[in-house]
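Geometric and topological summary
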Amino acid sequence: MKKNTRKLKKAALLLCSAVLLVCISIGATVAYLTSTDTVTNTFTVGNVKIKLDEAAANPDGSLVAGAARVKANSYKLLPGHTYNKDPMVTVLKGSEPCYVKMTVTFTKANELDAIFAPDGGADLISIFKGYDSTNWIAKGNTKDTGKNTRTYEFWYNGTVDAPNADVALDALFDQIVVPGTITNDQLKTIEGMTITVNAYAIQADGFDTPDLAWAAYTAA
């Protein structure tokens, strides 16, 4: 009986030793089965760039043949005359998707109101020729009484993406026509008037609508 008991104890000791060895073996295996990986994030700077220009024109409004596009023109106003003026925005290569808008500011606002709409204020979009409301959405106009100016705002319909090449947008308009009903005396009141066109672009990413984008631009 004692002999059998010693055999059982010995077997139990061997069993425990075997279990212990297995545990050590498993533990060692877990320790050595490892893996390492790395993710490196590289950030580059995005950009939105535009340019604004128009065709070179003579004082009588005719185009200057073969001339490069310019930043400004000077005109001599005559009743019933047509003047070439085609402000055009180009979104430059490499630009992120963006919203684009343009503003057109007339000086001599009081004088223009007196000529075109003495009872309510002039809406000078009527003198723009070649204006396409499907491309450029008119967002209204505001008068600055202190500066005696009136500014018209137009938003391009949709976003513009220029990853691989410049993208030239349709000109806002291509001519300005002075109505033949204007008299020489009325023209004298707007001598020295200027028409200033500005263009703006803002990234589309992060804004669900152009309204939100331009609201953020104004608040910045």
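Note that the coordinates shown come from a computational prediction; the quantities given were computed from them, not determined experimentally. (Residues numbered from 1 in each chain as written. Predicted model: local features only at pLDDT ≥ 70, side-chain atom pairs only at ≥ 80, totals over all residues. Heavy atoms only, no water.)

Quick look at the pattern of salt bridges now. Considering all chains together, one arrives at 6 salt bridges under this definition. Of the charged contacts, one joins D53 and R69 as a salt bridge, the two residues approaching to 2.7 Å between their closest N and O atoms. One end of the pair, D53, is in strand β1 (residues 50–53); the other, R69, is in the loop between β1 and β2 (82–84), with 16 residues separating them in the sequence. You can call D53 buried: its relative accessible area is 13%. Here E54 makes a salt bridge to K85, at a shortest N to O gap of 3.0 Å. A residue pair is termed long-range when its members are at least 10 positions apart, and E54 in the loop between β1 and β2 and K85 in the loop between β2 and β3 (88–91) qualify at 31 residues. Classification of K85 as buried rests on a relative accessible area of 7%. By sharing partners, the salt bridges in this structure join D53, R69 and D86 into a single network. (Salt bridge = Lys/Arg side-chain N within 4 Å of Asp/Glu carboxyl O. Helix = DSSP H or I, 4+ residues; strand = E, 2+ residues; numbered from the N terminus. Buried < 20%, exposed > 50% of the residue type's maximum accessible area, 1.4 Å probe, protein only.)

In this section: the layout of surface pockets. In this model, the largest pocket occupies a volume close to 710 Å³. Around the largest pocket, the lining comprises 35 residues; the ones closest to its centre are N73, Y75, M193, T194 and I195. At the level of elements, β1, α2 (109–116), β10 (175–177), α3 (184–189) and β11 (195–203) are the ones that each hand at least two residues to the lining of the largest pocket. In terms of residue class, the lining of the largest pocket is built from 22 nonpolar, 6 polar and 7 charged. (1 Å grid on protein atoms, 1.4 Å probe; cavity = no way out; pocket = protein on both sides within 12 Å on 5 of 7 lines; lining within 4 Å. Points joined across faces, edges and corners; volume = space filled by probe spheres on them. Nonpolar A, V, L, I, M, F, W, Y, C, P; charged D, E, K, R; others polar.)

Counted according to the given criterion, the structure contains 9 aromatic pairs. Between F106 and F128 the ring centres are 6.2 Å apart and the planes differ by 20 degrees, which places this aromatic pair in the stacked class. In this pair, F106 is assigned in strand β4 (residues 95–107) and F128 in strand β5 (residues 128–129), connecting sequence segments 22 residues apart. Here F106 matches F128 in class, with each residue buried. Between the aromatic rings of F106 and Y152, the centroid separation amounts to 5.9 Å while the plane-to-plane angle is 80 degrees, which identifies the pairing as edge-to-face. In this pair, F106 sits in strand β4 while Y152 sits in strand β7 (residues 149–156), placing the two residues 46 residues apart along the sequence. We classify Y152 as buried; its relative accessible area is 1%. Through successive ring pairs, a cluster of aromatic residues spans F106, F128, Y131, Y152, F154 and F173. Over the face of the ring belonging to Y200 we find K101, whose NZ or CZ atom lies 5.4 Å from the ring centre. (Phe/Tyr/Trp six-rings, centres within 6.5 Å; stacked < 30°, edge-to-face > 60°. Lys NZ or Arg CZ within 6 Å of the ring centre and 35° of its normal.)

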